[in-house]
Amino acid sequence: MHDVIVVGAGPTGCYAARELAKLGYGVLVLEEHTEVGTPVHCTGVVGVELYRRFDLDRSCIQTRLASARFLSPSGQSFRVASPQPSALVVDRRHFDQSLARQALAHGASFLLGARAERVSTTDQQSVVHATCLGDPLVFSARLVILATGTDECLTHQLDLARKSTPCMLGGQLFVESLSLDEVEIHLSPSLAPGGFAWAVPANGHGARVGLIASREPRTRLLNFADALEARGAIRRNGAKMTCRPVPGGPRTPSYGDRVIVIGDAAGQVKSTTSGGIYYGLLGAEAAVRSAHEALRLGDLGAARLANYEQSWLKHIGREQRTGRTLRRLYANLTDRDMDALFWLTRRTGIPRLLSQLRFDWHTAGLLTVLWRDVLGAVTGAAREHTGITAD
Ligand SMILES: Cc1cc2nc3c(=O)[nH]c(=O)nc-3n(C[C@H](O)[C@H](O)[C@H](O)COP(=O)(O)OP(=O)(O)OC[C@H]3O[C@@H](n4cnc5c(N)ncnc54)[C@H](O)[C@@H]3O)c2cc1C
C-alpha cells in the first residue's frame, strides 16, 4: 500500500508529490496523459511572489513583465508599468515537468497514461481503480490527493467540491509574434463576456493569445486572433486552439475521509483573472501540511483533514470573495460602459495607482481605486459638466 496516491500531474499534483516524497512518504502519481505537462492550455503568467515563496526551477521563466497595455472596445488604451518586473511568463510544459522530475528525484513514482476511474474509501484505506493503456489496475493508499484540474469525474463520485462558483471557459493559441512588444489585455464585454482577452509575447518570436469568457470561447478567440493578425501583430501559422473550463472560485468541501482535493479541482484560483498556478500551489502547500500531520498521527478521517480547508480558505478565501464581487460588477458592464471607464481612467492618475497593486493580492486595492478614484473622477466630471462647484 502507498502512503499517498496523487491523481493528476499538473503543477499542484507534482508539487504535492514532491513535498510529500521529501518528507519520506511513499507517493504514486497517476496521470492520464502519456507525458507530463502536455497538452499545454495555460499562458503561464505568474506574479514574482510565486518564485519568492516556492522553491521552483528558474530555468522555466521565459520572460519578465514590467508593463501591460489595457485596451477598451473602441481601442482607447492606457499602460500600467512598474519599475521592476511584477510578473513572469513560465513555460508551463517545462514547469510541470521540472516539478515532476524533482518529485521523482525524491522517490515519488509516476504512472503515465493511467486514468483513475473510481476512488473508494474504507476505514483502512483509499482504493483507486484506474485504466492504464486499456488495462484495469487497482491501487491502494492511506490517503488520496485529487489534483485533477477541472475534470469533475472523481470529485462528483465522492460528493466533493459540489459547492462552487460557475466556471468560465478559457481558450489559447500559441502564435508567432510579429510586432507585439508588450502584454495586451483587452477588456471588451462583447468580445469576452464576463472575462477578457490577452496577447502575451513570450519567448523570442512566440506569443500566447487567449481569452476567458462565459460562453463560446472558440469563435470569440478566433475573432480576436483574426483582429490581431489583421493589425499585423501576430501570425497564426495554423496554431491549434486548446479550450477548457476555468473555475470561478472555491469548490468545497475539499476534503473527505482519506481524500484531499487541491488546485483547480478545489477552485484555488484568483477570482478576478482565474489564474490558478500560485493559489493552487498555496492550496497544495496547505494540503501537504495537513496530510503530514494526519499521516503521522494515523488519523486520516474527514474531521482531522478539515483543518486543510480552513487553512487554505483563511489564506485566499477573502481575496476570492472580493474578486467574485468585482467580477459580478464587471459582468454587468456593456462595451459603452467600458469605454466610459477607460475615458475616466485615462483622465486620472488611476493607471499609476494600478501599477502599485500587488499582482496576486489586488482586490482590496482595486476596490479602493474603484470607490475612491473612479467615483471621485465621476463626480468631478459631473461637476465640470453641470457647473456645480464643490463646497
Ligand atoms: C486558457 C487558459 C490560460 C491560463 N493562463 C493562466 C496563467 O497565465 N496563469 C495562471 O496562474 N493560471 C492560468 N490558467 C489556469 C491554470 O492553467 C490552472 O489553474 C492550473 O493548471 C491548475 O493546476 P492543477 O494542477 O490544479 O490542474 P491541471 O493543470 O489541470 O492538471 C490536472 C491534471 O490531472 C490530470 N487528470 C485529470 N483527471 C484525471 C484522472 N481521473 N486520472 C488521471 N489524471 C487525471 C489531467 O490530465 C492534468 O494533467 C489558465 C487556464 C486556461 C484555461
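Residues numbered from 1 in each chain as written. Predicted model: local features only at pLDDT ≥ 70, side-chain atom pairs only at ≥ 80, totals over all residues.

(A) Expanded view of the packing of helix H6 (residues 277-297) against helix H7 (residues 302-331). One can describe the packing of H6 onto H7 by two numbers: an axis separation of 9 Å at closest approach and a directional angle of 155°. One way to sum up the angle between H6 and H7 is to call them roughly antiparallel. Like other packed secondary-structure pairs, H6 and H7 cross with a definite hand, here right-handed. For the pair H6 and H7, the contacting residues are Tyr279, Leu282, Gly283, Ala286, Ala287, Arg289, Ser290 and Ala294 in the first and Arg304, Leu305, Asn307, Tyr308, Ser311, Trp312, His315 and Ile316 in the second. (Axes fitted to C-alpha atoms, helices over the stretch in contact; angles between N-to-C directions. Helix = DSSP H or I, 4+ residues; strand = E, 2+ residues; numbered from the N terminus. Parallel < 35°, antiparallel > 145°, perpendicular 65-115°, else oblique. Left-handed = near helix turned anticlockwise from the far one by under 90°. Contact = placed C-beta atoms within 7 Å.)

(B) Here's a closer look at the pairing of strand S7 (residues 87-90). Burial along S7 is two-sided: the face carrying Ala87 and Val89 and the face carrying Leu88 and Val90 are both buried. Sheet analysis places strand S3 (residues 45-47) next to S7, joined by three bridges and oriented antiparallel. Among the inter-strand pairings, Val45 is bridged to a residue of S7, identified as Val89. In the sheet, strand S4 (residues 61-65) pairs with S7 via four bridges, with the strands oriented antiparallel. Bridged to Leu65 within S7 is Ala87. (Buried ≥ 20, exposed ≤ 12 C-beta atoms within 10 Å, placed from the backbone. Pairing = 2+ DSSP bridges.)

(C) Here's a closer look at the site of the ligand. Around the ligand sit 40 residues, and of these Gly8, Gly10, Gly149, Gly263 and Gly276 come closest. Elements with a contribution of two residues or more to the shell around the ligand: helix H1 (11-22), strand S2 (27-31), S3, strand S9 (114-121), helix H4 (153-157), strand S13 (168-177), strand S18 (242-246) and H6. Here the shell around the ligand is built from residues that sort into 16 nonpolar, 18 polar and six charged. Counting only domains with at least three residues in the shell around the ligand, you end up with domain 1 (2-66 + 90-165 + 248-317) and domain 2 (168-246). (Near = placed C-beta within 6 Å. Nonpolar A, V, L, I, M, F, W, Y, C, P; charged D, E, K, R; others polar. Domains from an automatic or database assignment.)

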